[in-house]
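These are the residues of each chain, in order.
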Amino acid sequence: MTKKTLSSDRFLKDIQGKNLNFLIGAGASVGLVNTLDLSELGESFEDLYSDKELNSQQKVALDLIWFKSWIQDTLITKEKIKKILEKNPDGQKTYDNYKKFVNELGDFLNREGYDRPKRANIFTTNYDSLFELAFDETSQDQRMIYFNDGSRGFLNRYISTENFNLNISHSAMSDNFQRNIPTINLLKIHGSITWDLEENSKRIKATINNQVFQKVKTDSDIIFSHIDLDNFPIIDHLFFGKALRSKQKENKEFIQENLKKELLEFKPKYPTILSTSTDANLSMSENPKPLTQEEATDLEDRLQDEFNLHFNKWKYPQPILNQKNNDNSDLECSLNDFEMDYKRLQVVNPTKDKFRETVFQQNYYQLLRMLSFELEKRDSILIIFGFSFADEHILEIIRRSIINPYLKVFVICYDERSREDIKTKLGNVGPNQIDFLPYDYNYVIDGQKQSMKGNFDYLNYLFSGRSNSEG
């Protein structure tokens, strides 16, 4: 039986002239943004976070851990990416893949005919700013491509789904001809680390200099500087990569049971604010000398002054740490302080109850409706890459959309195990309309057996126009 193969030129002919959509997940950013592997826990972070038996302390602790182990790495600027690449040279390939993909997608759209809008929609659940960086750099060379993240403005840019339904054209100086300019829309379904909610206007502002993010990062740095992770071996192991000690059993039951115990105690320990007051005759002896009325009043006043000092320190938003406080040693921040700031981030928490603590519910559902609407159009294409289908809302939209006989879905799976997992999640819904790529993970070159992965290199190969099959 002949193996089914797919060359890049065949793939491009299949999607030419179609309504082109992408759904891209966290797998695209591997190398620059950490991924959490909780396989030892036996459940996803979403399942853990949605556990109804967790109390408020445990959930706030998970927010703190989630931010520290993952979210804080998603705000990537040009300056930050240089520092990352110094420590992790492999990250350069991830960033290069983003730029290559944007370039090749732009070239493909430029080759499209004039009878359809030259437009592609990139739906992504990623918070990170890698697409924005790739768009910014690519726009210097691809000036006849319009990159649209849904924001409008000049000095201040604000997000709105109304900004996506645009057709951009270019005409000569004499206006004797007009042509459509390719448009690449970036629709960030789960929000973005570059979004900031303005309290007064209730508008979402797009900015790479997100002060809310900086405040939350400062909070988390302070708290973690007063937490000894050696006292929390399961948390340290699952979220920060430290190996468990040999005496501890590495099994799911042990990890699940002890993780919840550790979450109950996961909080900062600060030095005692007040030292023993000798002038107030406070001693640790069994029979301290009773305070006089004057001493009691004086002590009460000093306690109130100390309280006001430390309360006011975190009652209002704080500036980013200055040089003299770089070690966080003289600053304090409670979990409640952190949580109040964390909830201002415009990102969807990994929980089945996504909007219990977010304020951009309307924007999220508008983006989901746009995804559903695009997949219901005639002659539509959906290319899925780096996406695990953990989001039940999106999974259900994909499953429902398969009834559209004019929709073709390509799912790029990292390996055979990933392919079987995704097939199970999608179920038996229109098998003739879904192609799982690569068709074969093994091929032969010069008599040597080679293997491939459904990674970013493979996605870029599909848009390269090369004629050799399967990369």
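All values reported here derive from a predicted model rather than from experimental measurement.

Rules of the game
- Residues numbered from 1 in each chain as written.
- Predicted model: local features only at pLDDT ≥ 70, side-chain atom pairs only at ≥ 80, totals over all residues.
- Heavy atoms only, no water.
- Phe/Tyr/Trp six-rings, centres within 6.5 Å; stacked < 30°, edge-to-face > 60°.
- Helix = DSSP H or I, 4+ residues; strand = E, 2+ residues; numbered from the N terminus.
- Buried < 20%, exposed > 50% of the residue type's maximum accessible area, 1.4 Å probe, protein only.
- Lys NZ or Arg CZ within 6 Å of the ring centre and 35° of its normal.
- 1 Å grid on protein atoms, 1.4 Å probe; cavity = no way out; pocket = protein on both sides within 12 Å on 5 of 7 lines; lining within 4 Å.
- Points joined across faces, edges and corners; volume = space filled by probe spheres on them.
- Nonpolar A, V, L, I, M, F, W, Y, C, P; charged D, E, K, R; others polar.
- Contact = heavy atoms within 4.5 Å.

With respect to the packing of aromatic side chains
Here is step 1 of the chain: Considering all chains together, one arrives at 27 aromatic pairs under this definition.
Here is step 2 of the chain: Here F232 and F266 contribute two aromatic rings whose centre-to-centre distance is 4.9 Å and whose plane-to-plane angle is 75°, an arrangement assigned as edge-to-face. Taken together, the residues F232 in the loop between α7 (211–224) and α8 (233–240) and F266 in the loop between α9 (252–265) and α10 (293–315) connect sequence positions 34 residues apart. Each of the two residues, F232 as well as F266, counts as buried.
Here is step 3 of the chain: Between F387 and F389, the aromatic rings sit 5.0 Å apart at their centres with planes inclined by 70°, giving edge-to-face as the arrangement.
Here is step 4 of the chain: Among the aromatic residues, those joined into a ring-pair cluster are F11, F22, Y98, F101, F108, F131, F135, F147, F385, F410, F456 and F463.
Here is step 5 of the chain: Here the basic side chain of R378 rests over the ring of Y406, its NZ or CZ set 3.9 Å away from the ring centre.
Here is step 6 of the chain: Over the face of the ring belonging to F410 we find K408, whose NZ or CZ atom lies 5.8 Å from the ring centre.

Side note on empty space enclosed by the protein
Here is step 1 of the chain: Under the definition given, this model contains six cavities of 30 Å³ or more.
Here is step 2 of the chain: The volume enclosed by the second largest cavity comes to roughly 50 Å³.
Here is step 3 of the chain: Together, P117, K118, R119, L166, N167, I168, N180, I181 and T183 line the second largest cavity.

Digging into the layout of surface pockets
Here is step 1 of the chain: Taken as a whole, the second largest pocket spans an internal volume of roughly 610 Å³.
Here is step 2 of the chain: If you trace the second largest pocket, you find 22 residues lining it, with E132, D136, D149, S151 and R157 closest to the centre.
Here is step 3 of the chain: Among the elements of the structure, α4 (78–87), α6 (130–138), β3 (146–148) and β4 (151–153) are those that each provide at least two residues to the lining of the second largest pocket.
Here is step 4 of the chain: Of the residues forming the lining of the second largest pocket, the biggest block, four residues, is contributed by α6.
Here is step 5 of the chain: Per-class residue counts for the lining of the second largest pocket are seven nonpolar, eight polar and seven charged.

Regarding the environment of I422
Here is step 1 of the chain: Inspection of the secondary structure puts I422 in helix α14 (residues 416–426).
Here is step 2 of the chain: In sequence terms I422 and V411 are eleven residues apart; their C-alpha atoms lie 8.8 Å from each other.
Here is step 3 of the chain: Those residues in contact with I422 that sit more than four places away from it in its chain are F387, F389, V411, C413 and F436.

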